[in-house]
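A closer look at the structure
Each chain is listed here by its residues.
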Amino acid sequence: MAERNLRAGRRERSVSPSPHGRRDRRGKRQSRTLVIKTHTLDSLDYVALPYDLRNIGVQESDGNFFESFTALSWKQENRRLRTATEDEKEASKPPPSELQFSPKPKSHILDKKEFELLYIEVLYTIKHKIGTTTGGHLPYIQDLYQYAQEAFGVNPEDHARLLAKATEEKPPILIINICVVEARGLEAKDADGFSDPYCMLGIMPGKVPEDAMNAISSDEDSAKSKEKEKKGPLKKFSQSLKKKKDKTHAVRDMLPAKLIKTTSVKNNTLNPVWNEKFRFDLDDVYTDRLHLDIWDHDDESSVFDAAKKLNEVASFRGLGRFFKQVAQSARTRSSGSVDDFLGCVNVPLHDVPSTGMLKWYPLEGRTSRSKIQGEICLQLSLATREDRGIPEDDNWTDVKQHEDLMCIFIQHEQRKFRDASYKWSGNLPQAALTILHQHAIQGDVTNIQQAVCRWVAYSRKHMEHPFDYAFLLKLLEELEEIWVPGSLSRDEEESLAESFNIFIEFCLNLIRKIRDIFPPANKAAYRRLEYIVQCLSKIYKLKVFKRCCPFQKELYAEINYAVKKGTLEWYERMHAISKAQARTDEDVIQSLIELTNIVNNDVYKAEHYYNKIFNSIEHVHYFNLTYRQLEKLLADDASRAMEEELGDEMHKSLEGSLDLEETEFISSSALHFNTNLFELYLALQEFCRFKESLPQNEWRSLTITQYYEWFRFAVQKWLAVAKHKSLKRIKKAVELDKVAGSNDSVKYSTSAVDVCSCFNQIAEFWKQLSWPAANGAFTYVSKVTEDICNGAMLYADLVHEKLRDAGYYDEEGQFDVTEQLCITINNIEQVRRALKPLPETLGYSDIQKNMEKSHGEKGLRQVKTALHNMLRKADDEMTRRIKNVVDRVADKMRPDIKKDVFHLNWAPESVPAEDAVVDLMEYLDSNLLTLNNNLLRSNFDRILESIWVEVLEEFKDVMIKEEQKAPAFYLRMYEALGLLVDFFHANEKGLPVQTIKCPQYRELREQLGLRRMETRDLIEKFYMEKLQAQKELEKTDFGVLTVRVSYKFDSHTLLVEVVHARDIIPLDANGLSDPFVLIQLCPEHIFPGVQIQQTKVIKKTLNPDFDERFEFSIHPDQCAFHGSCIVFTVMDHDIMFQNDFAGEAFLSLREIPGVDGEEVTGYDALHEIQLPLAQPKHKENGAFEILLARTFDKEAQDFAKKRAKVEEQAV
């Protein structure tokens, strides 16, 4: 009847099988689990809510106060982006003109007379063009005339007039320059395998003058009369020219040279190197030829004496006669030795190009039968000279003409070039090069003089038309390669020095204006700057520069001065521009902001662009120079402007925490806080960060690094205003709150977004300030942390109060999981999570390091305690608020849970646990589904955990408060509990296992596990508990019993030897006892019929020695039970009264040697077991209490009464 009433009292619910509880093919219901949905906001870490969901009305309520300050960093970044965009536009533009920023030096201008004389010189040069034409020059004279006329800008009439004057000039004397370089592979003539070679050379005319023919005829007879004499070297020189035997050729070939010259003798070598130079006049370059003999000689003096006397002869007739004498004297010596002929060469001069030539010539013999070997290297070039009455080596006039001529050609090519001058390659056309080349060789202008002229001309014209500095650098390299000491005259060195100084001054002026002329974003300008510095560096490294300008300052000092002067001029100009725009006090700060930003941009360029050029080329630290200079200038101006703006407030300090209602800041004007000061702060902060690129030893000299001290009062004031406005914003956010759910249906409202945004902006603004002073940073960060934490707790109180006002805590009415409930919990959780990033955003770790560094371990502990305690307090308070709401949900659900648990337990015994628990699961599923769809995962887990605890408590109430039921009753509860574990765990998507298996669960499961056991299983469990307690027993307050136990497997006999007991408790009046021991095998249902045995009584002792053996006939299977054991009970024998209980000990039969079938011998047979004695107390909530409560079970009652009696006998 009662069962039917219970069933009738159940709420009416659908009993249709849930899809989560379908039966499998064997009829067993499958485990049902909670379906849990995951959301994008389920992460336990803080995830910023979408700012586009903010309530605009909340921001506008305080005039976007916080947004305006956090936007300062964005404003800075936008400024950088604009600058970068402007720089990108500059990248492809032409470089700025250098001429408008650099003073134009005074240039040399030819007057009319000088101009015409130079033009006549050019025409004269062209008319008397010498040498064959090579590939780089024009061969046609008319083309050269035409180019010269165009370059000089001369009209046809003047050209004809000046050409006539040039024609009237006396033609120049043609000269051949010969350098005897070296020879190789000569024949060895001496006994030591070497030779002592020397050369004799001269010019053989193609046409023989008449007086020369007479001189040869007069000497012909004497030459024949001495035909058999030995031939001297000069005679051999003339005879080596014989090719034919007719009289005309013989006369011509026997002529001595116009001027015969000799090289020095190189002893003991077959590869002599001379590098000796000679000059010969030419009559006709088309017919004259060079003849050279090489001889092996031993007596050098005769050769040089002969050559010396030859050079004193003035006429051909005298030369002919004396040549014969020299030949004869050189041919015959006192020793009778003869110079050996090594070979000769004949070089036609009409093939010598105007550029000269360096060539190896094979040596020839006198006849085709001569065996000659080796070759000689000669360098030949043509030149001219004029009979002007000045030394031949003085060609200063020619050099200056060459320089002026080159300037005219450069100017002409610049006029023709249609693009920017810096794009011109600097190369002159073939006609110009041909004219310059002819002028150089005709005026004997050397290569080094030509290189000097090129540099002087191009550097001079560079001041008028800036060329490519890479081309100028190439000219300097050519000059460096050619110049050798002594190769220039004093006049030429002075001219070169003047050119160097003008160019250096020009370049240093450009460096002074580096920001205007060479913007780094302009690729062409930046490249030009790089080559300018390279040109300056090259000039100062030139040896010719050190010779010409020995007292010049070091380039390092010159560049330093130019950079410093240019930086000062640029800063003063920028300061004047920014100051001119300021009219009010706010404009003064704004102009300083603009100036600081301009300076920051300049310093950035100095570090990333200009410094690379100057440091890599000349080791000038451009960044260090400019930064230190700008730092002093900016520090003075910024400090002065801040004094004018703030006055006494700049040095004022606010003590303690500011409360606006109690300070002067309550005025509305104070609450309108301008962003200008902090924009200036951030600009100065950016400037100071550049100091990281300076050497650390220079940091101390900087004054602007203490810039933050100027803003201390402003920061304190801002914190006070921010606190006031944040509290008002939080209240306004709650007031204007509206739902703002996300795409995945997690519910929250705009107030959470607004409050989190407010906190984030406060923290982000402080992060932007990055306050450098450790002590000040700790004070301010503490204030920021405190204000944010207080604001978070205020928000939690406000939304919680709003939920209370909506009737959430009312006891009356039906409870439903509402949207407002989920929103409230989610909002508090979102704001709570917003506190987590604060340690990182506010820089806790840096503050801790700084405080530890300045105040030691004590300072570190103070910071950690103060900051983290505030966060912990706020977190705990908000978590408590959430828990209050969550627990209220569980409390509201508890009546229904109680009903379902009651119906689960009182369902008919035939109903399995899977079916009995369906109602509870469906109820939980329906309500938790709503919560899961609308709550953050962390909040859902809190509710899920709270409901799980409610379920456990209901199970426990049923188990404890109801009368003891049959084991089947508790078995279903046990199984239902397992099903609920799976339900709440939800395949690892629900509660974690460690949360589910909480202390309440473990206790409940243990109790249900005991109650579901049959009586005999419980009795075995009781002895298992006793055995476990025996193992854990360490105290020996009641004495120790020593026994030996073994099992004889073959005879199924248990052998027990009670050896002795020690320190048993005294139970008689005399302070002693009369102990004996009872030996019993338990549980009795496992060992039926086995009698209890006992030892003899030992009188008056606390340390009895028994030494008695007992045998028990039992089967090994009986010993295998977990609870099977030997119970040793020590009793005090009493004749008059009931025996007293002294202690008991338990020994498991499973652990006795021999039970597993092995033979017991040796140590195992003799091993003594020490068993501490204990009093018979049962385990709380253990098997004994359940047995005692089973009043319906006689076996349980009998066992419980017997054990209770033993416990009563205990002390």
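The coordinates are above.
Residues numbered from 1 in each chain as written. Predicted model: local features only at pLDDT ≥ 70, side-chain atom pairs only at ≥ 80, totals over all residues. Heavy atoms only, no water.

1. Looking at the side chain of H439
Convention followed: The helix count covers DSSP runs of H or I at least four residues long, the strand count covers runs of E at least two residues long, and both are numbered beginning at the N terminus. In protein, a polar contact requires one atom able to donate a hydrogen and another able to accept it; more generally it is a pair of N or O atoms within 3.5 Å, and residues adjacent in sequence count only if both atoms are side-chain atoms. In this description, contact between two residues means that some pair of their heavy atoms is separated by no more than 4.5 Å.
Take H439: it is sitting in helix α14 (residues 430-442). Side chain to side chain, H439 and Q401 meet in a polar contact 3.5 Å long. Dropping the residues within four chain positions of it, H439 is found in contact with E121, T125, D398, Q401, H402, L405 and V445.

2. Quick look at the pairing of strand β5 (residues 289-296)
Using the following cut-off: Buried, partly exposed and exposed residues are distinguished by accessible area as a fraction of the type maximum, computed with a 1.4 Å probe on protein chains only: under 20%, between the cut-offs, and over 50%, respectively. Strand pairing is assigned whenever DSSP detects at least two bridges linking the two strands.
Buried residues dominate β5, accounting for seven of its eight residues. Inspection of the sheet shows strand β2 (residues 197-204) paired to β5 by eight bridges, in the antiparallel sense. Bridging from a neighbouring strand, M200 pairs with D293 of β5. Note: β5 against strand β6 (residues 340-348), eight bridges, orientation antiparallel. By the bridge assignment, D293 is partnered in β6 with C344.

3. Re the packing of helix α29 (residues 819-833) against helix α31 (residues 844-905)
What describes two packed helices is the angle between their axes and the distance between those same axes. Applied cut-off: Where helices are involved, their axes are fitted lines through C-alpha atoms of the stretch in contact, as for all axes, and angles between N-to-C directions lie from 0 to 180°. Note on terminology: angles under 35 degrees are roughly parallel, angles over 145 are roughly antiparallel, angles of 65 to 115 are roughly perpendicular, and the others are oblique. We call a crossing left-handed when the near helix sits turned anticlockwise from the far one by less than a right angle, and right-handed when that turn is clockwise. Amino acids outside the nonpolar list (Ala, Val, Leu, Ile, Met, Phe, Trp, Tyr, Cys, Pro) and the charged list (Asp, Glu, Lys, Arg) are all regarded as polar, and Gly is one of them.
Between α29 and α31, the shortest axis-to-axis distance is 10 Å and the interhelical angle comes to 160°. Classified by the angle between their axes, α29 and α31 sit roughly antiparallel to one another. The two elements α29 and α31 meet at a crossing, and its hand is left-handed. Between α29, through L821, I825, I828, E829, V831 and R832, and α31, the contact on the second element is made entirely by D875, M878, T879, R881, I882, V885, V886 and V889. Of the residues in the contact of α29 with α31, the class split is nine nonpolar, one polar and four charged.

4. Quick word on the packing of aromatic side chains
We apply this condition: For this analysis, a ring pair means two rings from Phe, Tyr or Trp (six-membered ring only for Trp) whose centres lie within 6.5 Å, classed as stacked if their planes differ by under 30 degrees, edge-to-face if by over 60, and tilted for the remaining angles. We count a charge as sitting over a ring when the NZ of a lysine or the CZ of an arginine lies within 6 Å of the ring centre and within 35 degrees of the ring normal.
This structure, assessed with the given rule, holds 46 aromatic pairs. Ring centres of Y681 and F711 lie 5.2 Å apart, and the angle between their planes is 90°; this geometry places the pair in the edge-to-face category. With a gap of 30 residues between them, Y681 in helix α25 (residues 676-689) and F711 in the loop between α25 and α26 (712-735) connect regions that are remote in the sequence. Across from the ring centre of W699, 4.8 Å away, lies the NZ or CZ of K691, which sits over that ring.

5. Some words on the packing of helix α5 (residues 141-152) against helix α13 (residues 396-416)
Look at α5 against α13: their axes get within 9 Å of each other, and the N-to-C directions meet at 80°. Between α5 and α13, the angle falls in the class roughly perpendicular. Here Y147, E150, A151 and F152 of α5 come into contact with α13, specifically with L405, I408, F409, H412, E413 and R415. Residues of the contact of α5 with α13, tallied by class, amount to six nonpolar, one polar and three charged.

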